[in-house]
Amino acid sequence: MDFTGKRILVTGSSRGIGRAVADEFLSSGGRVAINGRTPESTHEGICALGDAAALCTAPGDVGTLAGCRAVVEAAVEGLGGLDILINSAGVGDYAPFAETTEAMWDAAIDVNLKGTFFCSQLALDDLRAARGNIVNIASDAGLIGEAGLSAYCASKGGVVNLTRALAIELAPDVRVNCVCPGYVDTDMVRRDGIEQADDPVAHEQALIDYAPLKRIAHPAEIAKAIAYLASDDAIFVTGAALPIDGGTTAGRG
Ligand SMILES: NC(=O)c1ccc[n+]([C@@H]2O[C@H](COP(=O)([O-])OP(=O)(O)OC[C@H]3O[C@@H](n4cnc5c(N)ncnc54)[C@H](O)[C@@H]3O)[C@@H](O)[C@H]2O)c1
């Protein structure tokens, strides 16, 4: 895939899936605005990616409207416009439904759903001018329910159907798609999940067994699918929710 000259904002690209996506675009000729919640985390992402000439910095908290505005404005200014928006910033807390607090609910909805909504709205004029596109990072938890993740499931289900609504409303100017990854080996899953479990080995095995293909995905595998949806190879694809989950949402054995 060739992204030469394309101007791309990837929210949540200081690490994890977002950083892998930024890396994929960079290696295909794109110029990328890097976002983390703070200037420090954004700087870490830029240092890890290396190619400073093709990068610009767009720090900010996408869980607030003001933060979304700061992020999109910095990206548009740094890149001179916008062809592609990847909404990857996200948070996820495991908690039984009965123990889910207002703060956990607000974090999931604000960052995952509201951030996706308002970054897309604020980027719209530039994306329209470029006849560009949006790829949202939803989750398999946006397609099926998962115990212990009720707020996260609600937010990601929202992202899936927001994707469809925008695909209809913004056509034919701007394509809008999402990917629905299963478990991916990032800080969200390993540092904040497996390593916090009472029995990390058993917890990791449970995540491996969750997918029929019997493993946890690598961030680069998700990045490849996102790049496809953002590329001209997917020029007739809009409103799609693409599972990249090793078969988890395909059915029961
Ligand atoms: N890892 C998985 O198994 C998995 C599975 C399905 C979907 N996802 C989704 O993929 C996306 C990326 O997750 P990840 O696994 O790379 O997580 P991660 O924790 O490794 O990285 C999250 C990224 O989002 C950024 N971020 C968090 N809150 C933010 C905020 N308020 N404002 C701006 N940036 C913020 C962080 O700085 C970081 O760059 C998320 O939307 C997540 O829900 C992850």
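Conventions used here
- Residues numbered from 1 in each chain as written.
- Predicted model: local features only at pLDDT ≥ 70, side-chain atom pairs only at ≥ 80, totals over all residues.
- Heavy atoms only, no water.
- Helix = DSSP H or I, 4+ residues; strand = E, 2+ residues; numbered from the N terminus.
- Rg over C-alpha atoms; globule rule 2.2 N^0.38 Å.
- Contact = heavy atoms within 4.5 Å.
- Areas by Shrake-Rupley, 256 points an atom, 1.4 Å probe, with all protein chains shown as cover.
- 1 Å grid on protein atoms, 1.4 Å probe; cavity = no way out; pocket = protein on both sides within 12 Å on 5 of 7 lines; lining within 4 Å.
- Points joined across faces, edges and corners; volume = space filled by probe spheres on them.
- Nonpolar A, V, L, I, M, F, W, Y, C, P; charged D, E, K, R; others polar.
- Domains from an automatic or database assignment.
- Buried area = accessible area lost by both parts, 1.4 Å probe.
- Salt bridge = Lys/Arg side-chain N within 4 Å of Asp/Glu carboxyl O.
- Polar contact = N/O pair within 3.5 Å; in protein donor to acceptor, adjacent residues only side chain to side chain.
- Near = heavy atom within 4 Å.
- Core = buried A, V, L, I, M, F, W, Y, C linked by side-chain atoms within 4.5 Å.
- Buried < 20%, exposed > 50% of the residue type's maximum accessible area, 1.4 Å probe, protein only.

Caption draft 1: Up close: the overall build of the chain. Within the chain, the secondary structure is distributed over seven helices and seven strands. Along the chain, helices and strands appear, N-terminal first, in the series β-α-β-α-β-α-β-α-β-α-β-α-α-β. For 253 residues, the compact-globule estimate of 2.2 N^0.38 gives 18 Å, and the chain sits close to it at 17 Å. Considered along the principal axes of its C-alpha atoms, the chain spans approximately 50 × 40 × 35 Å. Contacts in the chain between residues far apart in sequence, at least 24 positions, make up 70% of those at least 6 positions apart. About 11,700 Å² of surface is accessible on the chain, with carbon and sulfur atoms providing 54% of the total.

Caption draft 2: Geometry of the layout of surface pockets. In this structure, the largest pocket occupies an estimated 1,100 Å³ of space. If you go around the largest pocket, you meet 47 residues; those closest to its centre are Arg15, Gly90, Val91, Gly92 and Met188. Broken down by secondary-structure element, the contributors of at least two residues to the lining of the largest pocket are helix H1 (16–27), helix H4 (102–130), helix H5 (150–170) and helix H6 (200–210). Classifying every residue of the lining of the largest pocket by side-chain character gives 19 nonpolar, 19 polar and nine charged. Built from parts of two domains, the lining of the largest pocket gets at least three residues from each of domain 1 (7–182 + 218–244) and domain 2 (184–216). Estimated volume of the second largest pocket: approximately 350 Å³.

Caption draft 3: Summary view of the domain arrangement of the chain. Once the domains are mapped, the chain shows domain 1 (7–182 + 218–244) and domain 2 (184–216). For domain 1 versus domain 2, the distance between C-alpha centres works out to 23 Å. Domain 1 puts 18 residues into the contact, and the matching count from domain 2 is 10 residues. The largest contributions to the domain 1 side of the interface with domain 2 come from Arg15, Tyr94 and His218, which together make up 35% of the buried area. At the junction of domain 1 and domain 2, the tally comes to two salt bridges. We note a salt bridge from Glu221 to Arg215, for which the minimum N-O separation is 2.9 Å. Summed over the shared surface of domain 1 and domain 2, the number is four residue pairs in polar contact (both at pLDDT 80 or more).

Caption draft 4: Structural view of the site of the ligand. Residues in contact with the ligand amount to 30 residues; listed here are only the nearest, Ser14, Asp61, Tyr152, Val184 and Thr186. In the model, an oxygen atom of the ligand is placed 2.7 Å from a nitrogen or oxygen of the Ser14 side chain. Taking Gly60, its main chain carries an N or O atom lying 3.5 Å from a nitrogen atom of the ligand. Computed on the free molecule, the ligand has an accessible area of 820 Å², of which 96% lies beneath the protein chains in the complex. Listing elements by their share of the shell around the ligand, those giving two or more residues are H1 and H5. Along the lines of polarity and charge, the residues of the shell around the ligand split into 13 nonpolar, 12 polar and five charged. Looking at the shell around the ligand, you find at least three residues from each of domain 1 (7–182 + 218–244) and domain 2 (184–216).

Caption draft 5: Seen up close, the nonpolar core. Core analysis: the largest hydrophobic core is formed by 30 residues, its most contacted members being Val21, Phe25, Val32, Ile86, Val179, Ile222 and Ile226. Of all the secondary structure elements, the ones that give two or more residues to this core are strand S1 (7–10), H1, strand S2 (31–34), helix H2 (39–49), strand S4 (84–87), strand S5 (133–137) and helix H7 (219–230). Apart from the residues within four sequence positions on either side, Val179 is in contact with Val135, Asn136, Ile137, Ala138, Ser139, Ile222, Ile226, Leu229, Leu242 and Ile244. If you look at the next biggest cluster of nonpolar residues, it comprises 26 residues, including Leu9, Val62, Val71 and Leu82.

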